[in-house]
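# A closer look at the structure
Listed below are the residues making up each chain.
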Amino acid sequence: MSIAAKLSSLKKELDPIKVKLIAVSKTKPNSDILEAYAAGQRIFGENQVQELVKKYEELPKDIEWHLIGHLQTNKVKYIVPFVSLIHGVDSLKLLIEINKQALKNNRIIDCLLQIYIADEESKFGLDFAEAVELLRSDEFNELKNIRIRGLMGIATNTENTKKIAEEFYELRTLFKGIKTSFFRHDDYFTELSMGMSSDYKIAIEQGSTMVRLGSTIFGERNYKKNN
Ligand SMILES: *Cc1c(COP(=O)(O)O)cnc(C)c1O
């Protein structure tokens, strides 16, 4: 199936339930992105800063770019001038740097806190207690140029669909708790970024508002490292 045909069938599936589609274009050439763009897709996700900056410079300026991967503090300055949403924020230190660069650029940067829900080692993210501690801290509450729009999580890479559903359920439960405790009066705290090609249907059943789909749209990636 062509990229356009894939997108059209995903649109039919996602639009009626108001789930946003992030087209994950990492490792894919500009020609693939332009094909998706011509089919109406405007939100794209990348996980490497260098690749994201290059594509931003080369591609149409009305694309909304999301950084979905791990972000190092020293690279924040390269994306803050144009990024629409940073999905993988996992420390106060990173938020402080994003805030600092946002101030320089006279922007307010939308971020999601990445929560660790998988039972795999060496995955990035905050645990539940760390997320609450961060949101309670005075340092966080002083940051005026960032806006936490919601949470993001990556489920365990497993065939066990019950386990995946439980992990997404936990994230959804935390999302509701955090909304009630910290963002009750903030109508922007609305997003729950969960679900990739292998598990997005489960994620939607568990209340996802944004799915990050790469291989479903663009086909398998050529190299698997870091993916
Ligand atoms: C690569 C990636 C995706 C998309 O993965 P697919 O399996 O190709 O859909 C989603 N989220 C993150 C964080 C990724 O790094």
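Provided above is the structure to which this section pertains.
Residues numbered from 1 in each chain as written. Predicted model: local features only at pLDDT ≥ 70, side-chain atom pairs only at ≥ 80, totals over all residues. Heavy atoms only, no water.

### Topic: the packing of helix α1 (residues 3-14) against helix α2 (residues 30-38)
Relative orientation of the contacting elements α1 and α2 amounts to 45°, with a least axis distance of 9 Å. Between α1 and α2, the angle is such that the two are oblique. α2 is crossed by α1, and the crossing has right-handed handedness. Facing α1, whose interface residues are Ile3, Ala4 and Leu7, α2 presents Asp32, Glu35 and Ala36. Grouping the constituent residues of the contact of α1 with α2 by class yields four nonpolar, no polar and two charged. (Axes fitted to C-alpha atoms, helices over the stretch in contact; angles between N-to-C directions. Helix = DSSP H or I, 4+ residues; strand = E, 2+ residues; numbered from the N terminus. Parallel < 35°, antiparallel > 145°, perpendicular 65-115°, else oblique. Left-handed = near helix turned anticlockwise from the far one by under 90°. Contact = heavy atoms within 4.5 Å. Nonpolar A, V, L, I, M, F, W, Y, C, P; charged D, E, K, R; others polar.)

### As for the side chain of Ser193
Residue position: Ser193 is located in strand β7 (residues 191-194). Judged by its relative accessible area of 0%, Ser193 is buried. A polar contact is formed between the side chain of Ser193 and the side chain of His87, at a distance of 3.0 Å. Looking at Ser193, its side chain comes within polar contact range of the side chain of Arg212, at 2.9 Å. (Buried < 20%, exposed > 50% of the residue type's maximum accessible area, 1.4 Å probe, protein only. Polar contact = N/O pair within 3.5 Å; in protein donor to acceptor, adjacent residues only side chain to side chain.)

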